[in-house]
Amino acid sequence: MANASNYLESSIANWLRGTTFPTAPASIFVGLFNGDPTDAGSGGTEVTTTIRVAGRVAVTLGAPSDGVMTNSAEVSFGTAAGAATVTHYGIFDAASSGNLLVHGAVGTSRTYAIGDTCRFAAGALSVTVA
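Residues numbered from 1 in each chain as written. Predicted model: local features only at pLDDT ≥ 70, side-chain atom pairs only at ≥ 80, totals over all residues. Heavy atoms only, no water.

Novice: Explain the pattern of salt bridges residue by residue, including any values.
Specialist: Side-chain pairs of opposite charge can arise whenever the charged atoms involved come near each other. For the coordinates displayed, the defined rule picks out three salt bridges. Between Arg119 and Glu74 there is a salt bridge, with its nearest N and O atoms 3.7 Å apart. Taken as a pair, Arg119 in strand E8 (residues 117-120) and Glu74 in the loop between strand E4 (68-70) and strand E5 (75-79) lie far apart in primary sequence, 45 residues in all. Arg110 is paired through a salt bridge with Asp116; the nearest N and O atoms lie 3.8 Å apart. Given the relative accessible area of 38%, Arg110 is considered partly exposed. Note on Asp116: relative accessible area 23%, which makes it partly exposed. (Salt bridge = Lys/Arg side-chain N within 4 Å of Asp/Glu carboxyl O. Helix = DSSP H or I, 4+ residues; strand = E, 2+ residues; numbered from the N terminus. Buried < 20%, exposed > 50% of the residue type's maximum accessible area, 1.4 Å probe, protein only.)

Novice: Before we move on, can you summarise the packing of aromatic side chains with the specific residues and values?
Specialist: Inspection of every chain in the model, using the stated rule, returns two aromatic pairs. On the basis of an interplanar angle of 15° and a centroid distance of 6.2 Å, the ring pair of Phe33 and Phe92 is categorised as stacked. You can see Phe33 sitting in strand E1 (residues 28-34) and its partner Phe92 sitting in strand E6 (residues 84-92), a full 59 residues away along the chain. Residue classification places Phe33 among the buried residues on the basis of a relative accessible area of 6%. The side chain of Arg56 reaches across the aromatic face of Phe92, ending 3.5 Å from its centre. (Phe/Tyr/Trp six-rings, centres within 6.5 Å; stacked < 30°, edge-to-face > 60°. Lys NZ or Arg CZ within 6 Å of the ring centre and 35° of its normal.)

Below, the structure written as structure tokens:
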């Protein structure tokens, strides 16, 4: 699946085999990366805590349309605490650590300086699981 992590792909494959599927997360969280985190979750560098000391931000995705969902409300990381370049995002099942579920490139990479506001308007993060 495009942009789905190996963890999510294996979970779906095991569900198709009739084995236990992980419980859906109560919330999902977006993290910011400099570089593609890749399906394995081992690429790029997560810069979320550089930009936002408190870390990842909860995100709500709208209903899927042909396997594509977007954030249904603005996602705000607030004022950048540190400088970092953001090229990709990852959606996780936990506010820290946890499992990478899906990932993608942000529309246009951006370098944030201390004091810049880091946010994504509703519909700006597109998640494809088709």
